[in-house]
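Breakdown of the fold
Here are the chains, one letter per residue:
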Amino acid sequence: GRLETRGRIDHFLKGRGLTHLFQPVFDLTSGKCFAVEALARFSGRPRRTPDVWFADAHAMGVGVELEVVSVKKALAALSQLPLGVALCVNAGPEAMGCDEVRQLVAACDSRRVVMELTEQVRVDDYPRLSHALKQLRLMGVRVAIDDTGAGFASLAHILKLAPDLIKLDRELTSGIEHDPVRSALGAALVSFASRTGAEIIAEGIETVAELEVLRGLGIRYGQGYFLDRKSTRLNSSHLGI
């Protein structure tokens, strides 16, 4: 019940039972690892996906605190990554703008940090978020918009926040080789990105056919099960995290 959920969340707020998986993001032209994305994982019972735990925490008024704990734990991995590799860290709009996150980012090699805005929480105040992102960018942080193509919010974010990286949702990459509509939308986003100085990361690449089409569209970066399996260059178990 609710009390049990609150107990679990309090446990996570102390940093217990919250770990991260690190998924490589590859440069599709060179095949090199460009970054790793820190994906939060919550252990114990009841078993729930990370988005559900974060949503529960927000409903209980401690969502931002839980995001800050997750950001802190993710950033701790930066020092263990090879020097040329960036770290993508997820946060919602409120966490992105809070002092704790800014201080955590300032305390590490911020030029290697990519802050990824997640779709889980609605943006109520764009001017405030823009200001927060501007402060992070002054430290050399790059900004990514997650889940593009999965909903309207991500397109509004792109127009209002001018991200450095635009992440194409799995919804858009899945079966792109059979679907001219998906392919046309991918091409339109590539053209939009090149005009605004952004780069695109395709998420959830699972087949060689998807990879070929995405590469053909001029998409620079990609991540997903197919690429993870193909690569032996960087395995998160080697990071000792």
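Within each chain, residues carry numbers counting from 1 in the order of the written sequence. Reporting in this predicted model follows two pLDDT cut-offs: at least 70 for local features of residues, and 80 or more for side-chain atom pairs to be given and counted; totals over whole chains, interfaces and linings ignore these cut-offs and use all residues. With hydrogens and water excluded, all non-hydrogen atoms of the structure serve as input to the side-chain values.

1. Comments concerning the packing of aromatic side chains
- Ring pairs shown here join Phe, Tyr and Trp side chains whose ring centres sit within 6.5 Å, with only the six-membered ring taken for Trp; geometry is labelled stacked below 30 degrees between planes, edge-to-face above 60, and tilted in between. Considering all chains together, one arrives at five aromatic pairs under this definition.
- Judged by centre distance (4.6 Å) and plane angle (55°), the ring pair of phenylalanine 12 and phenylalanine 42 falls under tilted. Taken together, the residues span a long stretch of sequence, with phenylalanine 12 in helix H1 (residues 2-13) and phenylalanine 42 in strand E2 (residues 33-42) at a distance of 30 residues.
- Accessible area is worked out with a 1.4 Å probe on protein chains only. A residue is then buried under 20% of its type maximum, exposed over 50%, and partly exposed in between. Relative accessible area serves as the criterion here: at 0%, phenylalanine 12 is assigned to the buried category.
- Here phenylalanine 42 falls in the buried class, since its relative accessible area comes to 9%.
- Judged by centre distance (4.0 Å) and plane angle (20°), the rings of phenylalanine 34 and tyrosine 221 are stacked. With a gap of 187 residues between them, phenylalanine 34 in strand E2 and tyrosine 221 in strand E8 (residues 221-222) connect regions that are remote in the sequence.
- For phenylalanine 34, a relative accessible area of 12% translates into the label buried.
- By relative accessible area, tyrosine 221 is classed as buried at 7%.
- Members of the aromatic cluster, joined through ring pairs, are Phe12, Phe42, Trp53 and Phe54.
- Only when the NZ atom of a Lys or the CZ atom of an Arg is both within 6 Å of the ring centre and within 35 degrees of the ring normal do we say a charge sits over the ring. Over the ring of tryptophan 53 we find arginine 48, and its NZ or CZ is 4.7 Å from the ring centre. Helix numbering and strand numbering both begin at the N terminus, where a helix is a DSSP run of H or I of at least 4 residues and a strand a DSSP run of E of at least 2.

2. Side note on the layout of surface pockets
- Here a cavity means grid points, on a 1 Å grid over the protein atoms only, where a 1.4 Å probe fits yet cannot get out; a pocket means an open set of points with protein on both sides within 12 Å along at least five of seven lines; lining residues are those with an atom within 4 Å of a point. Grid points are joined across faces, edges and corners, and a volume is the space filled by probe spheres set on the points. Considered as a void within the structure, the second largest pocket measures approximately 220 Å³ in volume.
- Contributing to the lining of the second largest pocket are 14 residues, with Pro93, Glu94, Asp124, Asp125 and Arg128 lying nearest its centre.
- Top element by residues in the lining of the second largest pocket is helix H6 (residues 126-138). It accounts for five residues.
- For this classification, the nonpolar set comprises Ala, Val, Leu, Ile, Met, Phe, Trp, Tyr, Cys and Pro, the charged set comprises Asp, Glu, Lys and Arg, and every other residue, Gly included, is treated as polar. In terms of residue class, the lining of the second largest pocket is made up of five nonpolar, three polar and six charged.

3. A few points about the side chain of serine 110
- When you line up the elements, serine 110 lands in the loop between helix H5 (99-106) and strand E4 (113-117).
- Judged by relative accessible area, which is 10%, serine 110 ranks as buried.
- Polar contacts involving the side chain of serine 110 include one to the main-chain carbonyl oxygen of methionine 139, which spans 2.7 Å.
- Note on contacts: a residue pair is in contact if any heavy atoms of the two residues lie within 4.5 Å. Once you skip the residues sitting within four places of it in the chain, serine 110 turns out to touch Val105, Met139, Gly140 and Val141. Side-chain atoms alone can form a polar contact between residues adjacent in sequence; in general such a contact is a pair of N or O atoms within 3.5 Å, and within protein one must be able to donate a hydrogen while the other accepts it.

4. Observations regarding the side chain of aspartate 27
- Considering the arrangement of structural elements, one finds aspartate 27 in strand E1 (residues 18-27).
- Polar contacts involving the side chain of aspartate 27 include one to the main-chain amide nitrogen of serine 30, which spans 3.3 Å.
- Excluding anything up to four places from it in sequence, aspartate 27 contacts Lys32, Phe34, Arg220 and Tyr221.

5. Looking at the packing of H1 against helix H2 (residues 50-59)
- Whenever a helix is involved, its axis is fitted only over the stretch in contact; in every case the axis is a line through C-alpha atoms, and angles between N-to-C directions fall within 0 to 180 degrees. Their axes nearest at 10 Å, the elements H1 and H2 cross at an angle of 100°. Accordingly, the angle class assigned to the pair H1 and H2 is roughly perpendicular. From H1, Thr5, Arg8, Ile9 and Phe12 reach across to H2, where they touch Trp53, Asp56 and Ala57.
- Here the residues of the contact of H1 with H2 are counted per class, giving four nonpolar, one polar and two charged. For this classification, under 35 degrees means roughly parallel, over 145 means roughly antiparallel, 65 to 115 means roughly perpendicular, and everything else is oblique.

6. Examining H1
- The end-to-end C-alpha distance of H1, which contains twelve residues, comes to 16 Å, matching closely the 16 Å that a straight helix rising 1.5 Å per residue would cover.
- Among all positions of H1, only Thr5, Arg8, Ile9 and Phe12 are buried. One side of H1 carries all its buried residues, which in axial view fall inside an arc of 100°.
- On its buried face, H1 is in contact with E1, E2, H2 and helix H3 (63-75).
- Once H1 ends, the next one or two residues include glycine 15, with phi positive near 85°. Working rule for helices: expected span equals 1.5 Å times residues minus one. The directions considered for the arc run from the helix axis to the C-beta atoms.

Note that all results are geometric; they support no functional claim without further evidence.
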